[in-house]
Number of protein chains: 2
Amino acid sequence: MPQLHKIAIIGCGNWGSAICRIVGENAVKFPDLFDKCVRMWVFEELVDGKKLSEIINNEHVNRKYLPDVKLPENVLAVPDLVESAKDATILIFAIPHQFVAKTCKTLSGKIREDAIGVSLIKGLSASPDGSARLISSEVRDLLNGKIEIAVLMGANLANEVAEDQFCEATIGTKNKKTGLLLKLLFDTGNFRTTVVGDLETVEVCGALKNVVACAVGFSDGLGYADTTKSALIRIGLVEMIRFIQYFFKSTHLRTFLESCGVADLITTCYGGRNRRCAAAMVYTGQSIEEVEKELLNGQKLQGPATAAQASEMIERANLLDEFPLFVAVHKVCKGQFKPEQMLDHIRSFPVETIDSMTFLPPP
Amino acid sequence: MPQLHKIAIIGCGNWGSAICRIVGENAVKFPDLFDKCVRMWVFEELVDGKKLSEIINNEHVNRKYLPDVKLPENVLAVPDLVESAKDATILIFAIPHQFVAKTCKTLSGKIREDAIGVSLIKGLSASPDGSARLISSEVRDLLNGKIEIAVLMGANLANEVAEDQFCEATIGTKNKKTGLLLKLLFDTGNFRTTVVGDLETVEVCGALKNVVACAVGFSDGLGYADTTKSALIRIGLVEMIRFIQYFFKSTHLRTFLESCGVADLITTCYGGRNRRCAAAMVYTGQSIEEVEKELLNGQKLQGPATAAQASEMIERANLLDEFPLFVAVHKVCKGQFKPEQMLDHIRSFPVETIDSMTFLPPP
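Note that the coordinates shown come from a computational prediction; the quantities given were computed from them, not determined experimentally.

Here is what the cut-offs are and how they apply
- Residues numbered from 1 in each chain as written.
- Chains lettered and ligands numbered in written order.
- Predicted model: local features only at pLDDT ≥ 70, side-chain atom pairs only at ≥ 80, totals over all residues.
- Heavy atoms only, no water.
- Least-squares fit on C-alpha atoms with pLDDT ≥ 70 in both.
- Contact = heavy atoms within 4.5 Å.
- UniProt positions renumbered as here; feature names shortened; annotations may be inferred.
- Helix = DSSP H or I, 4+ residues; strand = E, 2+ residues; numbered from the N terminus.
- Buried area = accessible area lost by both parts, 1.4 Å probe.
- Salt bridge = Lys/Arg side-chain N within 4 Å of Asp/Glu carboxyl O.
- Polar contact = N/O pair within 3.5 Å; in protein donor to acceptor, adjacent residues only side chain to side chain.
- Nonpolar A, V, L, I, M, F, W, Y, C, P; charged D, E, K, R; others polar.
- Core = buried A, V, L, I, M, F, W, Y, C linked by side-chain atoms within 4.5 Å.
- Buried < 20%, exposed > 50% of the residue type's maximum accessible area, 1.4 Å probe, protein only.
- Phe/Tyr/Trp six-rings, centres within 6.5 Å; stacked < 30°, edge-to-face > 60°.
- Axes fitted to C-alpha atoms, helices over the stretch in contact; angles between N-to-C directions.
- Parallel < 35°, antiparallel > 145°, perpendicular 65-115°, else oblique.
- Left-handed = near helix turned anticlockwise from the far one by under 90°.
- Expected span 1.5 Å × (residues − 1).
- Pairing = 2+ DSSP bridges.
- Right-handed = clockwise from strand over helix to strand, strands pointing away.

S.K.: I'd like a description of the relation of the copies chain B and chain A, backed by residues and values.
M.R.: When chain B is fitted to chain A, the best match, at an RMSD of 0.0 Å, comes from turning it 180° and sliding it 0.0 Å along the axis. Taken together, the turn and the small shift mark the pair as related by a two-fold rotation axis. When you check the interface residues of chain B against chain A, 100% turn up at the interface there too, and the contact is symmetric in its surfaces.

Okay, structure coming up:
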């Protein structure tokens, strides 16, 4: 009998908890493939005087981060990070980006060398030389530099996934066999996954969408039309495609039509907090830092940070003319442009089209 | 000196009136290319006791269909259809689909054989044998069977275009020279156009988007999540691509990333009346005909009609399994499915992806 895959989820926030429901149920559904026990690393804290890990293990609910749904009984909360990941062959990372370095350094040398990592972390990382790097690559490099890594992204929100709402996700992996395995681990009737080889596009879309959402937020804040909003989403999508083509080389146009692409972009540009805070910037006249303080309790928005990083790469590559929307968003966030100047800046360049781009042929 | 292009706009509803502002101003802007006088056929009617054509020619406002904006003084309202189109080298059609047959038959034999037709009409036509046909082809065939035809579509609404809101449009033409000419005629700083050769996709997207908007409306009416909405938009987009591939052969994936594709789809799925009426069907429990009567004064929605026509083609081609969303929308509109069954039907097929599709290579 072949060895069963042992699963560990690194992180127990609301996304980690939502995904543990799916993974926990699928582990039971495929007993020939997966060890039934799914371990979840829980950063220990006290909730109503009880340890969170004990609440999860006794009551099967994450009372702090996802209080309204039952977690599967085969999910075991483990407060010790190294212990949670020990022997795991599939490590699912569902932690905020700012905890990646510390978490991975603790795990380095303590995990199986043949493990598969699955990053659910959205954002854009930076190499020591300042160039962009995938967060999934950062995870791999911090762990041991050779772990196989995949990503899962898409138009899905933890609370809606936890309610079993119909939605989709995209798995990116270079390894077809891994793709089949992860589809069995993540796919359900209401959480529908597709697998693509174009990992870079899957991951980077999840970061760049927030820049586009800021542009849409400025437009909404200024009271511009609905068709202006969809023009900005489209121009932003074309800049996302162009950015990934320039800086990550291996993109396929088809990937943008998966959940990680156009669907996640739409969700974020209509409902996300980057859009909301950007709109608030316009009608309150506050800086982005003041809006973050007031609306997000000081948490940082991802859109302005990603716009800054993308703009730096764009400027260094001498490509400012190719990315008027990204550059304008950055300048508005920095207070170098008034929000009203965003459209003037975009207008001063030819209309965005992908006609002139070249793409890899279909596989 | 080369002959100047004479322009006629066939139709003076709100879209014809909005576009005459753009075309009228560009005709003045490029005096070496266009005759300054732009004729607009006006279906004569009395407004406050005055003839509409006289109001337009004296007051330069279309008091009935676009009362809040000034029309250019070089736009001449002409109540006689044949007279309006006489000698025109560019004929812009901005009439509802149901008036196409009568209008074109009246013009047949009375227009220049070398004229270029530009169809702004959205919808899907039917050949005498019941198979789908482009409305632009119908226009050409009814006129003389040989006029060169182009289309202009996209995420733009007459009232927003008339307010000079920033938005986009896509011109589809098989003739590059015509594309350059039409870009000069239609493009402005706030009405940004791109030109693609893939006329079929440009036109058919404008019809199929309304089917997807119905699916989104049912989902909204049932109170489903935001991520369900974007999943349906994405699945619908994939079915649009697949449909155009099967039935019109010549599609390019890039065209779906123009304004006529993803941008118009987004606008329609968030703001359009097909979405609104489909949602109303669900929460009132009324039939589509009852909703049309109540919310649209008896006007017909395009989504249910297009869903019926598409479903017939899909069934005849034995492709029901490839279009679960289109088929489900049709069945809900016909009362054969309850709205709640739409997702069950979609769920019973593999997740929609374009991985397996083949596309024409870039030009």
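Next comes the rest of the write-up.
S.K.: Run through the UniProt feature "domain: Glycerol-3-phosphate dehydrogenase NAD-dependent N-terminal" (unreviewed entry) in chain A, naming residues and quoting values.
M.R.: Under the present numbering, the feature "domain: Glycerol-3-phosphate dehydrogenase NAD-dependent N-terminal" (unreviewed entry) in UniProt falls on residues 6-177 of chain A. Helix and strand shares over residues 6-177 of chain A are 31% and 26% respectively, and the end C-alpha atoms of the span are 17 Å apart.

S.K.: Give a description of the interface of chain B and chain A that names residues and reports values.
M.R.: Contact with chain B, which involves 49 residues of that partner, is made by 49 residues of chain A. At the boundary of chain B with chain A, total buried surface from both sides reaches about 4,400 Å², with 62% on carbon and sulfur atoms. Joining chain B to chain A, the criterion identifies four salt bridges. The salt bridge involving Glu258(B) is made with Arg234(A); its shortest N-O contact spans 3.7 Å. For the interface between chain B and chain A, the tally reads 18 residue pairs in polar contact (both at pLDDT 80 or more). For the side of chain B that touches chain A, the secondary structure elements donating two or more residues are strand S11 (167-172), strand S12 (191-196), helix H9 (226-248), helix H10 (259-271) and helix H15 (341-347) of chain B. Each residue belonging to the side of chain B that touches chain A can be placed in one class, and the counts come to 26 nonpolar, 12 polar and 11 charged.

S.K.: How would you sum up the nonpolar core? Please name residues and give values.
M.R.: Counting residues in hydrophobic clusters, the biggest one holds 128 residues, and the most contacted among them are Phe218(A), Phe326(A), Val329(A), Phe218(B), Phe326(B) and Val329(B). Beyond its immediate sequence surroundings of up to four residues, Val329(B) is in contact with Val211(B), Cys214(B), Ala215(B), Phe218(B), Ala307(B) and Met342(B).

S.K.: Summarise the packing of aromatic side chains; cite the residues concerned and give the values.
M.R.: Counted under the stated rule, the structure contains 17 aromatic pairs over all chains. With centroids separated by 6.4 Å and ring planes inclined at 55°, the aromatic side chains of Tyr246(A) and Phe247(A) adopt a geometry described as tilted. A relative accessible area of 23% means that Phe247(A) is categorised as partly exposed. Ring geometry for Trp15(B) against Phe191(B): centres 6.4 Å apart, planes inclined by 65°, an arrangement best described as edge-to-face. Of the two residues, Trp15(B) sits in helix H1 (residues 14-29) while Phe191(B) sits in strand S12, which places them 176 residues apart along the sequence. Take Trp15(B): its relative accessible area is 17%, and that puts it in the buried class.

S.K.: Residues and numbers for the packing of helix H8 (residues 199-221) of chain A against helix H11 (residues 273-284) of chain A, please.
M.R.: Residue and element names in this part refer to chain A. Contact geometry of H8 with H11 gives a least axis separation of 7 Å together with a crossing angle of 40°. With respect to their mutual orientation, H8 and H11 come out oblique. Pair H8 / H11 crosses with right-handed handedness. Counted together, Asn210, Ala213, Cys214, Val216, Gly217, Phe218, Asp220 and Gly221 of H8 and Asn274, Arg275, Ala278, Ala279, Met281, Val282 and Tyr283 of H11 form the full contact between these two elements. In the contact of H8 with H11, the residues fall into nine nonpolar, four polar and two charged.

S.K.: An account of the UniProt feature "binding site: substrate" (unreviewed entry) in chain A is requested, with residue identities and associated values reported.
M.R.: All names here are of chain A. UniProt tags Lys122, Arg273 and Asn274 as "binding site: substrate" (unreviewed entry). Their sequence span is 153 residues, while the largest C-alpha to C-alpha distance among them is just 14.3 Å; these annotated residues converge on one region. Within the secondary structure layout, Lys122 lies in the loop between strand S7 (116-119) and strand S8 (125-126). Of the polar contacts made by the side chain of Lys122, one reaches the side chain of Asp264; its length is 3.1 Å. Considering the arrangement of structural elements, one finds Arg273 in helix H11. By relative accessible area, which is 33% here, Arg273 ends up partly exposed. Apart from residues no more than four positions distant in its own chain, Arg273 is found in contact with Leu296, Gln299, Lys300 and Leu301.

S.K.: Describe helix H1 (residues 14-29) of chain A, naming the residues involved and giving the relevant values.
M.R.: All names here are of chain A. With 16 residues, H1 should reach 22 Å at 1.5 Å per residue; the first-to-last C-alpha distance of 23 Å fits that figure. Burial analysis of H1 places 12 of its 16 residues in the buried class, which makes it a mostly covered element. All of the buried residues in H1 are Trp15, Gly16, Ser17, Ala18, Ile19, Cys20, Arg21, Ile22, Val23, Gly24, Asn26 and Ala27.

S.K.: Could you give an account of the pairing of S7(A), naming the residues involved and the relevant values?
M.R.: All names here are of chain A. Residue alternation in S7 divides its side chains into two sets, Ile116 and Val118 and Gly117 and Ser119, and both sets are buried. Pairing analysis gives four bridges linking strand S6 (residues 90-93) to S7, with the strands arranged parallel. Its bridge partner lying in S7, Ile90 is registered against Ile116. With helix H4 (residues 100-107) bridging S6 and the parallel S7, this β-α-β connection has right-handed handedness. When S7 meets strand S10 (residues 148-153), the two strands line up parallel, connected through four bridges. Note that in S10 the partner of Val118 across the bridge is Ala150.

S.K.: Tell me what's going on with the environment of Leu208(B), and back it up with residues and numbers.
M.R.: Residue and element names in this part refer to chain B. Checked against the element boundaries, Leu208 lands in helix H8 (residues 199-221). Relative accessible area serves as the criterion here: at 0%, Leu208 is assigned to the buried category. When the C-alpha positions of Leu208 and Val238 are compared, they lie 11 Å apart, and in sequence the two are 30 residues distant. Dropping the residues within four chain positions of it, Leu208 is found in contact with Met240, Phe243, Ile244, Thr306 and Phe326.

S.K.: Run through the packing of H9(B) against H10(B), naming residues and quoting values.
M.R.: Residues and elements named next belong to chain B. One can describe the packing of H9 onto H10 by two numbers: an axis separation of 11 Å at closest approach and a directional angle of 135°. Compared by their axis directions, H9 and H10 come out oblique. You can see that H9 and H10 cross each other, and the crossing is right-handed. Of the residues in H10, those touching H9 at Lys229, Ile233, Leu237 and Met240 are Leu265, Cys269 and Tyr270. Partitioning the contact of H9 with H10 into residue classes produces six nonpolar, no polar and one charged.

S.K.: Explain the sheet that holds strand S1 (residues 5-10) of chain B to me, and be specific about the residues and the numbers.
M.R.: Within a sheet, adjacent strands bond to each other through the backbone by hydrogen bonds, running parallel or antiparallel. All names here are of chain B. In space, the eight strands of this open sheet follow the order S5-S2-S1-S6-S7-S10-S11-S12, with mixed pairing throughout. In this open sheet, the two strands that pair with only one neighbour each are strand S5 (75-78) and S12. Across the sheet, the mean angle separating the axes of adjacent strands is 25° when strand polarity is ignored. Where H8 meets the sheet, its contacts fall on strand S10 (148-153), S11 and S12, and the angle it forms with S10 comes to roughly 45°.

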